[in-house]
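Chain residues, written in single-letter form:
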Amino acid sequence: MKIVHAADLHVDSALRGLERYDGAPTERVRDATRTALVKLVDLCVEERASLLLLAGDVFDGTWRDYNTGLFFVSQLGRLRDLGARVALIRGNHDAASSVVKNLRWPEHVRELASSAPETVLYEDLGVAVHGQSFATRAVTEDLARRYPAPLPGLLNVGLLHTALDGRPGHDPYAPTQLATLSSKGYDYWALGHVHEREVLASDPWIVFPGNLQGRHARETGPKGATVVTVDEGRVRTVEHRVLDVVRWSQIHVEHEDAASIDDAAERAIEAITGTADAADGRILAARVHLRVDPARG
């Protein structure tokens, strides 16, 4: 059985810092988060996934175009045709989202409650998903402490949007500790909120998949989702799959010992070309940092 774990989709959230540049592929940039969502559903179809876990911040709370929600639901409809289910929670960005509040979820989609931890049973899959949505944007209590005990004989998954014990650049919402998560006795913790992928533990598995699509120059490198393979009720493999459409990069070029301006320019071109090749056909948004020796002019 395959489970796909994703978080922080921020569907239709703008990618900041690109559209002001002449010649930028504005349509592809504007649609990047939607295209990444399509690729996520494609991944579920290709892997024949039985369950998709979304650990918060599917939308941004400030987004008010109802078509955003309709597009999201239409993509999830492709999973219904596959026979897959979806379990999701709200995070700090979509806790107050008008888009989410007015959506009607299809039968194969379950949004977990915000008033208290909730357990969704998928008895045919042998899976229990425990989780709680954010009721408000700024949740400062440790939600995980009140998550229920694992159910015997099932694969127990914790679905949580959290800053854990703090991460640079992320608000300290739903703070908790690795020891708290480990002590619950679950088999896999599907986390969200932190936009960098982190595998924090493997016994049990505690994973931030990172966001699906980088949105600005500080969110660099490959972005995507996690595929979890389950066999005989146990997690066997946990693998990252790259799904981003626009790749952000910070390129540092050392010029201290450059013999000439032409030599320095050639080094910069080589660095940019190598980074573009690594992006594998994606749009590359790169910030180039040139380091020179001031004493040499």
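Since we're looking at a predicted model, the values are computed, not measured.

Cut-off values and rules
- Residues numbered from 1 in each chain as written.
- Predicted model: local features only at pLDDT ≥ 70, side-chain atom pairs only at ≥ 80, totals over all residues.
- Heavy atoms only, no water.
- Helix = DSSP H or I, 4+ residues; strand = E, 2+ residues; numbered from the N terminus.
- Buried < 20%, exposed > 50% of the residue type's maximum accessible area, 1.4 Å probe, protein only.
- Contact = heavy atoms within 4.5 Å.
- Areas by Shrake-Rupley, 256 points an atom, 1.4 Å probe, with all protein chains shown as cover.
- Pairing = 2+ DSSP bridges.
- Axes fitted to C-alpha atoms, helices over the stretch in contact; angles between N-to-C directions.
- Expected span 1.5 Å × (residues − 1).
- Salt bridge = Lys/Arg side-chain N within 4 Å of Asp/Glu carboxyl O.

> Would you mind showing me how to read the overall build of the protein chain here?
Assigned secondary structure in the protein chain consists of 6 helices and 14 strands. The proportion of buried residues among the 297 residues of the protein chain is 51%. Nonlocal contacts in the protein chain, meaning residues at least 24 apart in sequence, comprise 67% of its contacts between residues at least 6 apart. Accessible area for the protein chain stands at about 13700 Å²; split by element, carbon and sulfur atoms hold 49% of it.

> I'm lost on the sheet that holds strand β12 (residues 234-242) in this one. Help?
Read from one edge to the other, the open sheet built from 6 strands follows the order β4-β3-β2-β1-β11-β12, with strand pairing classed as mixed. Since the sheet does not close on itself, it has two edges, and those belong to β4 (109-111) and β12, each with one partner. Each strand of the sheet is rotated relative to its neighbour by a mean of 20°, with strand direction disregarded. The pairing of strand β11 (residues 224-231) with β12 spans 8 bridges and is antiparallel. Residue pairing across strands places Ala225 opposite Arg241, the latter belonging to β12. Along the sheet, helix α2 (residues 32-47) makes contact with β1 (2-6), β2 (51-55), β11 and β12, crossing β1 at roughly 165°.

> Which parts of the structure should I look at to understand the sheet that holds strand β8 (residues 188-192)?
The pairing of strands in a sheet happens through backbone hydrogen bonds and is either parallel or antiparallel. In spatial order, the strands read β5-β6-β7-β8-β10-β9; together these 6 strands make up an open sheet with mixed pairing. Pairing within the sheet leaves two strands with one partner each, and these edge strands are β5 (118-122) and β9 (198-202). Averaged over neighbouring strand pairs, the angle between their axes works out to 15° when direction is ignored.

> Sorry if this is basic, but what is going on with α2 here?
Since there are 3.6 residues in each turn of an α-helix, residues three or four apart along the chain are aligned in direction. Between its first and last C-alpha atoms α2 spans 22 Å; for 16 residues at 1.5 Å apiece the expected length is 22 Å, and the two agree. Phi for Arg48, located one or two positions after α2, is positive at around 55°.

> Can you help me understand the pattern of salt bridges in this one?
Between side chains of opposite charge, a pair can form when the charged atoms approach closely. If you walk through the whole model with that rule in mind, you get 12 salt bridges. Across the salt bridge formed by Asp42 and Arg78, the nearest N and O atoms sit 2.4 Å from each other. Placement of Asp42 in helix α2 and of Arg78 in helix α3 (residues 66-82) is noted, with a sequence separation of 36 residues between them. By relative accessible area, Arg78 is classed as partly exposed at 28%. With a shortest N-O distance of 2.7 Å, Glu118 and Arg110 are connected by a salt bridge. Beyond isolated ion pairs, a larger network of salt bridges with shared partners links Lys2, Glu47, Glu239 and Arg241.

Spatial relationships are all this shows, so hold off on functional conclusions.
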